[in-house]
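Architecture at a glance
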Amino acid sequence: MSVIETITRSEWNSNSNPLNVEISIDGQPVAAREGELLAEAVLREKDIPHICYHSHLMGPIQTCDTCLVEVDGKLVRSCGTNVTTGMKVVTDSKRAQDGRAEAFDVILGNHMLYCTVCDNNNEDCRVHNTALALNVQHQQHPFTPKPYEVDMSNPFYRYDPSQCILCGQCVQACQNVQVNETLSIGWELEHPRVLWDGGMQIGGSSCVSCGHCVTVCPCNALMEKSMLGEAGFLTGLPKQSLDQMIDVVKAIEPEMGYGGIMQVSQTEAKMREERIKKTKTVCTYCGVGCSYDVWTKDRKILKVEPLHGAVNQISTCVKGKFGWDYVNHKDRLQKPLIRDGEGFREASWDEALSLVVTRLGGIKKQYGPDSIAVIASSKTPNEEVYLMQKFARAVIGTNNVDNCSRYCQSPATMGLFRTVGYGGDSGSIEDIGKSDLVLIVGSNTAESHPVLATRVKRAHKLFGQRLIVADPRSNEMAQRADIHFRPRPGTDLVWLSAMSRYMFDHRHAKLDFIEQWVNGADEFRKSLEPFTMEYAAQTCGVPIQTLEAVAREIVAASSMCILWAMGITQHTSASDESTAISNLLLTTGNYMKPGCGAYPLRGHNNVQGASDMGAMPDSYPGYQHVTVPEIREKFEKAWGVALSPDRGMDNHQMVDAMHEGKLRAMYLAGEDMISADSNANFVGAAFEKLDLFVVQDIFFSETCRYADVVFPGVPTLEKDGTFTNTERRVQRLYQALPELGDARADWKITMELANRMGANWNYQHPSEIMSEMASLTPIFEGASFERLEGYKTLLWPIAKDGSDQPILFLNGFPFSDNKARFYPVAFREPEEAPDDNFDLFLNNGRLLEHFHEGNMTLRVDGIREETPERYLEISPELAKERNLESGRWVRVASRHGSLKIKVLVTSRVHGKQVYIPHLSEDVPMNILTGSHADTATNTPAFKETAVKIQVLLEKGSNPLKPLNFRFSGKPTPQIGVEVERKWKRKDYKMPGTEKLVQINGVK
Ligand code: SF4
Ligand code: SF4
Ligand code: SF4
Ligand code: FES
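In this report, the structure presented in the accompanying data block is examined.

With that settled, consider the site of ligand 1. Around ligand 1 sit Tyr157, Cys174, Asn180, Leu183, Trp196, Cys207, Val208, Ser209, Cys210, Gly211, His212 and Cys213, and that is every residue in its neighbourhood. Looking at the shell around ligand 1 residue by residue, the classes come out as 8 nonpolar, 4 polar and no charged.

Next up, the structure:
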C-alpha cells in the first residue's frame, strides 16, 4: 500500500471503531483496531518518539523516521504500518532504539537547539521534548544552516528554513486539511525546504494565512510573529546578544553535552507557565464555531492554538487564528457616552444608567411598553441574549425583540420549520464531510465559513465526494466543483423544484421513505406541475443538459447534504426557496440518516443561539410561542410578572414603526444595524426619530452616531458564556482578559439596567443564567456549564440526562405524528430587477479576511495591510464595454442610494453582474439595497438590487494589493507531502539500516 492509499476514509474515522484484534507489544498482549496505524496502538501503551505523526493530519507522513519499531523482526515506521491481528511489535530492542536515535540525530542536522532563547520552548516543542526523551547528549550530524533567508513577508507568521526539520506536517495540513494547496517540500533541491507555490515568497503566494501550517509545526521553523521575542524570558533580547548566547551554548555543548543545557531550557520553559495564560475560547467571528486556546501575556495576545475543538481540531481561518488585535485597539469604548449637542461626552455608569432608566420609564408610561424595542446581539453569548429578551419581556413588557438573524437566517429557519420542524442544521460539520454529494446553493462557503469549507474540500479531494455549486459568482467552491452553474439570481426555487419533479417523473423519488415519513405528497406533486426541466432551463438561464446532469448526480448519490446561505435567504422568495431545498431533500430521502440533510450556514458566531434564546418577536427561548397561553404562563410564573400575549415587531417592522412614530425608544446591543440592515438611509432616518436610542458596543460604530447613550460592552475574550454554532453545538468560552477600563460584560449592564427599573435579578455568573434558561426550555433541558466544561460540547436538543442529538430526525420529525411535511411553493419573479435605467445586477457578500463591515477586522493591522479597502467587482466583458480597468473610481447608484467605489476587474463575476463585499469604513454598502423583503420573514432582499455605474475621472491604484492571494497565487496541488520523493534521494538511508528499506509495499 502506498502512502496515499493509507489515507482512507475508514481509517480517518477509525478512532470510533472498537478494539477488535490482539497484537503483542514488547511481549505484552494488547488490544488494537484492525487496520489502524500501529503508532496509534503503540502510543496508547507507551511513549515513543513520533515527531511527524499528528493524529489530525489525515494519515501518516513518514518523514521523520523517529517512530521506528520492529514488527515481526523487521524495522518499520510505526506511523506508516497498519495493524494486523497477531502482529508482534518490539519497541525496546537495541535495533529499534538505535534506529530512532539515528533518525533524531539526522533531524538535529536540520535544527539548532537553542531552546532557552527560543519562543517555541513552551513545554510543547516536539524537537525539544524528543531530545529530552532520548536523553541526547551529543549529535553526530552537525547542524548545517540552509542557504535561504528567513521569510518574513507574511503579516502574521514567518518561516525560518534553517530551523526546519522537513517533517512535512505543514505541507500535509495545507494540502490535505485546509486544502489550499500552497505548500510542498522541494525534495529534489540540494537543500530541501518548504516551498510556497513551488518557490515564491509567502507574501504574494496563494497562502490565505489560515495558520494550519503554523499550528502543526512541531518546532520554531514556522511561528506566529506575535510570539517572537515575547514568550521567553530571554527571547526579547537584541539579536546580537541572542546570537552571542547561542554561540556560547554551542561552544560548551561538545564538552558538557546537551544534558545540562536542556535542563536549563526545561526550567526556563517551566517558568513561562507563570506568565503565559492559556484560555479556551470560541471564535468570535463566523458560525462555524472553531474553538481554541488563546495564549495571553498580560493583555498581549501571543497566539491562538487550536487542537481540541470538536468542530475544527487544528483548523482555523485567518480571522480566528490571527484576527484578535482589535481587542486591544485604541478605539475600544471604555466609558459610557452621553449625547451632548452634535457630539458625545464621557459619563459615569451611574449617570448614564440613571438617564436611560428615567427616559425609558417615561416613554413606557407615556406611550406604553410596545413603544420600546430591544435588539439582542448574535455576537454575544447565549446568556446575554437570554437576559436581553427577558429584559424586553419581563421589565419593559413587550415582545418587541429581535436579532440580526432577521437579516440572513430567518427564511432558512422558516423553510425548515415548515417541512421538518426544527430550524437547525440536520447534522454536524463532520457529517457534511461524510456525504456522497454536497450541493452548495448561494453560499461563498470558502470565504464565509472557511473551516467548514475545508471539510468539503478535503472530502472532495481525498475521498471522492462529489460537489455541485449553484452560484452566480465563480467563488472558490465553484471553481473546485464537479458541476458549477449560474442560475439567474432569484430563480433558485425553480430549478430546485424541477429537481423534485424530475425525481418523481423518473421514478427516483424515495417513495417508501415518503410513504412512511412525509405528509402531503399528493398536493406537493401537483404543485410541481409547472416545474419541468425545460421551464427551469428557460427561467433560470441554465442549459437543460446541465440541470439533467445535476439531477443524475443527485440520483447517483447515496447521501446528499444541501448547504445554503445568503444567496438564497436574501431574496423576496427566500423562505419559499429554503422550503424548496427541504422539499427536495424529502423527495430524495435525504433526511434521517448520517451524511445528509439541510445545512443553512449560520453567519455570525452566535446567530443560531440568538434565535434559540428567544430574541425573536414571537418566541420565548427554544421557539416556544408567546401566543400559547400555557407557555406564557410558565414564563410568567418563573419570572414573576405578567407577560404580553401579543407577537412583537421584528426589526424590519421596528424601522417602519419608528418612521410612523409608534416606536419611541430602542435598546440595541452588539450590532451595527445601519450597516447590517438594508436601505441604510431609511434606517438612519428612522433612528433620528427616536426619543431615546441606547447602543451597547465595543467600538463607536456607524449606528452609535445616532445614539443618545452608548454603553461600552466587552468582546468575547473578556467574558464567560456559551455560543451555539451552525450545527446547534453549544460550546463554552472562558474569560481570558480583564474587562478593559470601565467597559463591562453585556450581561452585567443589562442586569444593572433591569434592576434599576425595578427587577430583582441577582445572577452572580452566566452559568446561573443558563440554568434558568434550561429550566424553562425543553430543547435545552439538560444543558449546564458543568456539562459543557472545557472542550465538551452538546448539540441541541439536549435531554435532561445530558444526551444530545448530533444528527436530527433519526427517529422521526418533531410534529405530532412524527412525520415531516411537503410544503408546496410557487415561483415569483424577484421584486427588483435590472431595467434600462439600472442595468446591472448587484450581488454582495463577505470576504475571507474581513468579517462583514469590518468593525473588528479593519482594526487588525495584518488584515488591513492585506485588504485595506472594498471594491466593485466587474467582469472583463463589462470592463471592456465601459472601458474600465482596476483602480478606476466609479459611482454606483441604485434606486435607494449611491456610493463612490474603486473597480476591480475579475472573472469571478460574469456579464452584467457586479459584486461589492460588505466591508465598509464609511458609507455602508447597504445604502444601495432597498427595503423590499422576504414576504414570510421580512428578511431584506439584499440580493435583489439593480444598479448603474457612472465612470469617474479619478484613477487610483488597484484596490487589492498586487500580491493579494486571490490573484497572484499559483497553488501546487498534490496529495500530502509526497515523502516517496524524499526516499528516492541518493543521500537518504532509513535509520537503523544499511540501505533503504521501504514499507507498505513501496519499493
Ligand atoms: S494556506 Fe498558508 S497559512 Fe494556511 S496552511 Fe497553507 S501556507 Fe499555511
Ligand atoms: S516548517 Fe513544516 S516541514 Fe519545517 S519543521 Fe515546520 S512543519 Fe515541519
Ligand atoms: S471565522 Fe469561522 S471558520 Fe474562521 S476560525 Fe472563526 S469560526 Fe472558524
Ligand atoms: S512519526 Fe513516524 S515517520 Fe515520523
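Resuming the write-up.
This next bit is on the pattern of salt bridges. Summed over all chains, the structure comprises 57 salt bridges. Across the pair Asp350 and Arg756 runs a salt bridge, and its minimum N-O distance is 2.8 Å. One end of the pair, Asp350, is in helix H11 (residues 349–367); the other, Arg756, is in helix H30 (residues 746–756), with 406 residues separating them in the sequence. Residue class for Asp350 comes out partly exposed when judged on its relative accessible area of 46%. Through salt bridges with shared partners, a single network forms among Glu181, Lys457, Lys461, Glu476 and Arg480.

Quick look at the environment of Asp243 now. Here Asp243 is to be found in helix H8 (residues 239–256). The exposure class of Asp243 is partly exposed, given its relative accessible area of 31%. Expressed as a C-alpha distance, the spacing of Asp243 and Val117, which sit 126 residues apart in the sequence, is 9.5 Å. A distance of 2.7 Å separates the side chain of Asp243 from the side chain of Lys239, its partner in a polar contact.

With that out of the way, let us pick up the environment of Gly670. Here Gly670 is to be found in the loop between strand S25 (665–669) and helix H28 (673–676). For the pair formed by Gly670 and Pro60, sequence separation is 610 residues and the distance between their alpha carbons is 44 Å.

Around ligand 2 sit 13 residues, and of these Cys164, Cys167, Gly168, Cys170 and Cys217 come closest. By residue class, the composition of the shell around ligand 2 is 12 nonpolar, 1 polar and no charged.

The next subject is the nonpolar core. One finds Phe391, Trp495, Tyr591, Phe711 and Phe813 to be the most contacted residues of the largest nonpolar core, which totals 121 residues. Setting aside residues no more than four positions away along its own chain, Trp495 makes contact with Leu439, Val441, Ala470, Phe485, Pro487, Ala536, Cys540 and Leu547. Counting residues in each nonpolar core, the second largest holds 103 residues, with Tyr285, Cys317, Ile863 and Val979 among its members.

Bringing the sheet that holds strand S12 (residues 300–305) into the picture now. Spatially, S10-S11-S12 is the arrangement adopted by the 3 strands of the open sheet, whose pairing is antiparallel. The open sheet has two free edges, formed respectively by strand S10 (277–282) and S12, since each of these has just one partner strand. Looking at each pair of strands side by side, their axes are set apart by 30° on average, direction ignored. The sheet contact formed by strand S11 (residues 291–297) and S12 spans 5 bridges and is antiparallel. Across the sheet, Thr296 pairs through a bridge with Ile301, a residue of S12.

Turning our attention to the sheet that holds strand S30 (residues 793–795). Taken in spatial order, the 3 strands line up as S28-S29-S30 in an open sheet, and their pairing is antiparallel. Strands with a single pairing partner mark the edges of an open sheet, and in this sheet they are strand S28 (721–724) and S30. Pairs of neighbouring strands in the sheet enclose a mean axial angle of 30°, with direction left out of account. Contacts from helix H12 (residues 382–396) reach S28 and strand S29 (729–733), with the element oriented near 90° to S28.

It is worth spelling out the layout of surface pockets at this point. Its volume calculated, the largest pocket comes out at about 850 Å³. If you go around the largest pocket, you meet 37 residues; those closest to its centre are His50, His54, Asp124, Cys125 and Arg126. Where the lining of the largest pocket is concerned, the elements lending two or more residues are helix H3 (38–45), helix H5 (126–133), helix H7 (212–216), strand S9 (222–224) and S12. Tallying contributions element by element places H5 first for the lining of the largest pocket, with 4 residues. Classifying every residue of the lining of the largest pocket by side-chain character gives 17 nonpolar, 10 polar and 10 charged.

Cut-off values and rules
Residues numbered from 1 in each chain as written. Chains lettered and ligands numbered in written order. Predicted model: local features only at pLDDT ≥ 70, side-chain atom pairs only at ≥ 80, totals over all residues. Heavy atoms only, no water. Near = heavy atom within 4 Å. Nonpolar A, V, L, I, M, F, W, Y, C, P; charged D, E, K, R; others polar. Salt bridge = Lys/Arg side-chain N within 4 Å of Asp/Glu carboxyl O. Helix = DSSP H or I, 4+ residues; strand = E, 2+ residues; numbered from the N terminus. Buried < 20%, exposed > 50% of the residue type's maximum accessible area, 1.4 Å probe, protein only. Polar contact = N/O pair within 3.5 Å; in protein donor to acceptor, adjacent residues only side chain to side chain. Core = buried A, V, L, I, M, F, W, Y, C linked by side-chain atoms within 4.5 Å. Contact = heavy atoms within 4.5 Å. Pairing = 2+ DSSP bridges. Axes fitted to C-alpha atoms, helices over the stretch in contact; angles between N-to-C directions. 1 Å grid on protein atoms, 1.4 Å probe; cavity = no way out; pocket = protein on both sides within 12 Å on 5 of 7 lines; lining within 4 Å. Points joined across faces, edges and corners; volume = space filled by probe spheres on them.

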